[in-house]
Amino acid sequence: MEFVEYPDVEAMMIGLAGVLASQLRQHLSTQDTVSFAVPGGTTPGPIFDSLCAVDIDWDRVHVMLTDERWVPEDSARSNTRLLRQRLLVGRAAQAKYVPLYSDHATPEDGLPGLAAQLETHLPVSVMLLGMGADMHTASIFPGADRLHDALHGDDVLVPMRAPGAPEPRVTLSAGVLAGAMERHIVIIGTEKREALERARTLTPDEAPVAAILKGTKVHWAES
Ligand code: 6PG
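First things first, this report covers the structure right here in the doc. This one's a predicted model, so the numbers in the text were calculated from it and none came from an experiment.

Tallied over the entire structure, the rule returns 12 salt bridges. For arginine 84, the salt bridge is made with glutamate 73, and the minimal N-O distance between the two is 2.6 Å. Here the residue arginine 84 occupies a position in helix α3 (residues 79-86), and glutamate 73 occupies one in the loop between β4 (67-69) and α3, the gap between them amounting to 11 residues. Taken together, the shared-partner salt bridges connect Asp67, Arg77, Glu167 and Arg169 into one network.

Rendered as structure tokens:
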């Protein structure tokens, strides 16, 4: 793991957007298409605001989420909605979107079709992840019903219900996260920094983010 500290959040968001753009450009120079996985939640919006204006060959980029909440796209909780509003706009509107949500009642109903499509875009070329203060990443939560499958199973996409998540989720498995060619985590604040330090001393079953720290660059600003 490499830890990068920034003077403030704004500098981090701009700097990290630049890092992601240059890695996408680099992969686009050697591959016909590249896959780019990003988190939802409250942290990455400003990164998307910068990235969407970057001049790269977006029509050869397949964008996907690291995890999705099983809610319709018009819900304020939908990560897809966040992407459509802040990443898949401007120049990045040319990117292809690989969905993690379908209009089925439960993740289990929608999953086979979504997983089959996702598999054609693996391994992920460039991945950005978030992390919670409870040490979850993507939607691999401590104490979740399918934690073991997400950490140790072969499925690329896993449905997940957890005490820390208000709605059912689907998440890329730890195997898919760890298989990404470039991997970054973005976190803000002292609580998350301390959680990250704690995770480094724990097992993935206790602290799911620990499963993917090796080879990952963690970007942090206090505020
Ligand atoms: C989600 C995310 C999740 C997120 C962390 C951090 O759907 O919530 O994809 O993995 O990255 O929970 O969330 P915040 O950025 O809101 O703190």
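On to the packing of aromatic side chains, then. Evaluated as defined, the whole model comprises 2 aromatic pairs. Note on tryptophan 70 and tyrosine 101: the rings are 4.7 Å apart at their centroids and 55° apart in plane angle, and the pair reads as tilted. Of this pair, tryptophan 70 sits in the loop between β4 and α3 while tyrosine 101 sits in the loop between β5 (96-98) and α4 (107-119), and the two are 31 residues apart along the sequence. For tryptophan 70, a relative accessible area of 8% puts it in the buried group.

Right, let's get into the site of the ligand. Lining the immediate environment of the ligand, one finds 14 residues, of which Thr42, Thr43, Asp67, His136 and Ala138 sit closest. A distance of 3.2 Å separates an oxygen atom of the ligand from a polar backbone atom of glycine 40. Lysine 192 is positioned such that a nitrogen or oxygen atom in its side chain is 2.7 Å from an oxygen atom of the ligand. In the complex, the protein chains occlude 89% of the 410 Å² of accessible area that the ligand would expose alone. Spatially, the ligand is embedded in the largest pocket.

Bringing α4 into the picture now. Under the 1.5 Å per step criterion, the end-to-end length of α4 is 17 Å for 13 residues, consistent within 8% with the ideal 18 Å. At glycine 113, α4 shows its largest bend, some 35°. Looking at α4, one finds that the buried residues are Pro107, Gly110, Leu111, Leu114, Ala115 and Leu118. On its buried face, α4 sits against β3 (61-65), β5, β7 (157-160) and β8 (169-172).

Once that is clear, we can look at the layout of surface pockets. Within this model, the largest pocket holds a volume of roughly 490 Å³. Residue lining of the largest pocket: 30 residues in total, with Gly40, Gly41, Thr42, Thr43 and Arg69 positioned closest to the centre. Looking at the lining of the largest pocket, the elements with two or more residues in it are α2 (45-51), β4 and α3. Per-element tally for the lining of the largest pocket: the top contributor is α3, with 5 residues.

Another aspect to go through is helix α7 (residues 190-199). All of the buried residues in α7 are Lys192, Ala195, Leu196 and Ala199. In an axial view of α7, the angular spread of the buried residues amounts to 100°, which keeps them on one side of the axis. For α7, the secondary structure elements touched by its buried residues are β1 (2-5), β9 (182-188) and β10 (217-221).

Another point: the sheet that holds strand β6 (residues 126-129). Strand order in the open sheet made by the 7 strands is β1-β10-β9-β6-β2-β3-β5, with parallel pairing throughout. The open sheet is flanked by β1 and β5, the only strands paired with a single partner. Averaged over all pairs of adjacent strands, the angle between strand axes in this sheet comes to 20°, irrespective of strand direction. Pairing of β6 with β9 involves 4 bridges; the strand directions are parallel. The residue of β9 that forms the bridge with valine 126 is glutamate 182. Each of β2 (34-38), β3, β6, β9 and β10 touches helix α1 (residues 9-28); the most contacted strand, β9, lies at about 170° to it.

About the thresholds
Note on numbering: residues in each chain are counted from 1, in written sequence order. Side-chain atom pairs in this predicted model are given and counted only at pLDDT of 80 or more, local residue features only at pLDDT of at least 70, and totals for whole chains, interfaces and linings cover all residues. Here the side-chain values reflect all heavy atoms present in the structure, with hydrogen atoms and water set aside. Criterion for a salt bridge: a side-chain nitrogen of Lys or Arg within 4 Å of a carboxyl oxygen of Asp or Glu. Put simply, DSSP marks the helices as runs of H or I at least four residues long and the strands as runs of E at least two long, and each gets a number from the N terminus on. Here a pair means two rings of Phe, Tyr or Trp (six-membered ring of Trp) with centres within 6.5 Å. Their orientation is stacked below 30 degrees between planes, edge-to-face above 60, and tilted elsewhere. Only protein chains enter the calculation, and the probe is 1.4 Å; a residue is then buried if its accessible area is under 20% of its type maximum, exposed if over 50%, and partly exposed in between. Any residue with at least one heavy atom within 4 Å of a molecule or strand is counted as near it. For this analysis, a polar contact is any N or O atom pair within 3.5 Å, provided that within protein one partner can donate a hydrogen and the other can accept it, and provided that sequence-adjacent residues contribute only side-chain to side-chain pairs. The Shrake-Rupley method, run with a 1.4 Å probe sphere, supplies the accessible areas, and residue values consider only the shown protein chains as cover. In this analysis, the protein atoms alone were mapped onto a 1 Å grid. Cavities are point sets where a 1.4 Å probe fits without being able to get out; pockets are open sets with protein on both sides within 12 Å along at least five of seven lines; lining residues have an atom within 4 Å of a point. The way we define it, a molecule is inside a pocket or cavity when more than half of its atoms are within 2 Å of that pocket's grid points. One less than the number of residues in a helix, times 1.5 Å, gives the span that helix is expected to have. Two axes enter the definition of the bend at a residue: one is fitted to the seven residues ending there, the other to the seven starting there, and the bend is the angle between them. Throughout, a residue-residue contact means that at least one pair of heavy atoms, one from each residue, lies within 4.5 Å. Grid points are joined across faces, edges and corners, and a volume is the space filled by probe spheres set on the points. The directions considered for the arc run from the helix axis to the C-beta atoms. When DSSP locates at least two bridges between a pair of strands, those strands are taken to pair. Helix axes use the C-alpha atoms of the stretch in contact, all axes being lines fitted to C-alpha atoms, and the angles between their N-to-C directions lie in the range 0 to 180 degrees.

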